[in-house]
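# Report on the structure
This is what each chain is made of:
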Amino acid sequence: MAVCRSMLLVVMGVSGSGKTTIAQALARRLGLVFQDADDFHSAANIARMKAGIALTAADRAPWLATIAAWAKKQAESGQGGVLACSLLRRLYREQVLTGVPDRRLIYLRVKADILRARLEHRSGHFMPASLLDSQLATLEEPADTEHALTVDAGQSPDAVVAEIIRRL
């Protein structure tokens, strides 16, 4: 599948999987706009996560609606882009991607020990390592029917991006 300028690439996975790093690099390499779904979180949700409190479905609902509106706007404008977004449950993916026909889901799969090490050494992010277990418990890996491109993101970012581009 060739990537066209109107396609929305959605880079998903748990915290520490490299969503932002990979999505930014993909956007640069492909000449597409980049958007981090973390930018759509409310101050209250960020405060909850900083405190080590996992978000509830009610906490997430407005965030998902905002992301969905952005994705639909990109689709309607024909601009596409690269979105970094956890989208851990299939329901969340459906809520965000319904109405976005030209899209490709890219799932960054990483072993838990690597994720934990990354989170423990990361600075400047609101998501603490203490919420990793909650994220892993919430994660519903993409089903075959979602046609996701699954990539081992335990390797270097350059290798991950090269593999994604090759497989697209």
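A brief look at the structure comes next. From a predicted model like this one, the values you see are computed outputs, not experimental measurements.

## Brief notes about the packing of helix 1 (residues 19–30) against helix 7 (residues 157–167)
Following both chains from N to C, one finds helix 1 and helix 7 inclined at 55 degrees, their axes separated by 10 Å at the closest point. Taken together, helix 1 and helix 7 sit at an angle that is classed as oblique. Along this stretch, helix 1 crosses helix 7, giving a crossing that reads as right-handed. The segment helix 1 lies against helix 7, with Thr21, Ile22, Ala25, Leu26, Arg29 and Leu30 engaging Pro157, Val160, Val161, Ile164 and Ile165. Of the residues in the contact of helix 1 with helix 7, the class split is nine nonpolar, one polar and one charged.

## Thoughts on helix 3 (residues 57–77)
The periodicity of an α-helix, 3.6 residues per turn, causes residues three or four places apart in sequence to face the same way. Helix length check: helix 3 (21 residues) gives 30 Å between terminal C-alpha atoms against 30 Å at 1.5 Å per residue, within 8%. Of all the residues in helix 3, the buried ones are Asp59, Arg60, Trp63, Leu64, Ile67, Ala68, Trp70, Ala71 and Gln74. Where helix 3 is buried, its residues touch strand 1 (8–12), strand 2 (34–36), helix 2 (43–50), strand 3 (81–84) and helix 4 (90–97). The first or second residue beyond helix 3 is glycine 78, which carries a positive phi of 75 degrees.

## Quick word on the nonpolar core
Residues Ile106, Leu108 and Ile164 are the most contacted members of the largest nonpolar core, which totals 43 residues. Looking at this core, the elements with two or more residues in it are strand 1, helix 1, helix 3, strand 3, helix 4, strand 4 (103–109), strand 5 (149–152) and helix 7.

## Thoughts on unusual backbone geometry
Although it is not a glycine, leucine 87 sits at a positive phi angle of roughly 40 degrees. With respect to the helices, strands and loops of the structure, leucine 87 is situated in the loop between strand 3 and helix 4. According to the relative accessible area criterion, leucine 87 is buried, its value standing at 1%. Non-glycine residue histidine 147 carries a positive phi angle of around 50 degrees. Looking at where histidine 147 falls in the secondary structure, it is placed in the loop between helix 6 (132–138) and strand 5.

## A look at the layout of surface pockets
If you add up the space inside the second largest pocket, you get close to 220 Å³. Surrounding the second largest pocket, eleven residues form its lining, Leu97, Arg103, Leu105, Thr145 and Glu146 being those nearest its centre. Taken together, the elements giving at least two residues each to the lining of the second largest pocket come down to helix 4 and strand 4. Taken together, the residues that form the lining of the second largest pocket break down as three nonpolar, three polar and five charged.

## Comments concerning the side chain of aspartate 59
Residue placement: aspartate 59 occurs in helix 3. For aspartate 59, the side chain forms a polar contact with the main-chain nitrogen of threonine 56, separated by 2.9 Å. In contact with aspartate 59, other than residues within four places in its own chain, are Asn45, Arg48 and Ala54.

About the cut-offs
- Residues numbered from 1 in each chain as written.
- Predicted model: local features only at pLDDT ≥ 70, side-chain atom pairs only at ≥ 80, totals over all residues.
- Heavy atoms only, no water.
- Axes fitted to C-alpha atoms, helices over the stretch in contact; angles between N-to-C directions.
- Helix = DSSP H or I, 4+ residues; strand = E, 2+ residues; numbered from the N terminus.
- Parallel < 35°, antiparallel > 145°, perpendicular 65-115°, else oblique.
- Left-handed = near helix turned anticlockwise from the far one by under 90°.
- Contact = heavy atoms within 4.5 Å.
- Nonpolar A, V, L, I, M, F, W, Y, C, P; charged D, E, K, R; others polar.
- Expected span 1.5 Å × (residues − 1).
- Buried < 20%, exposed > 50% of the residue type's maximum accessible area, 1.4 Å probe, protein only.
- Core = buried A, V, L, I, M, F, W, Y, C linked by side-chain atoms within 4.5 Å.
- 1 Å grid on protein atoms, 1.4 Å probe; cavity = no way out; pocket = protein on both sides within 12 Å on 5 of 7 lines; lining within 4 Å.
- Points joined across faces, edges and corners; volume = space filled by probe spheres on them.
- Polar contact = N/O pair within 3.5 Å; in protein donor to acceptor, adjacent residues only side chain to side chain.

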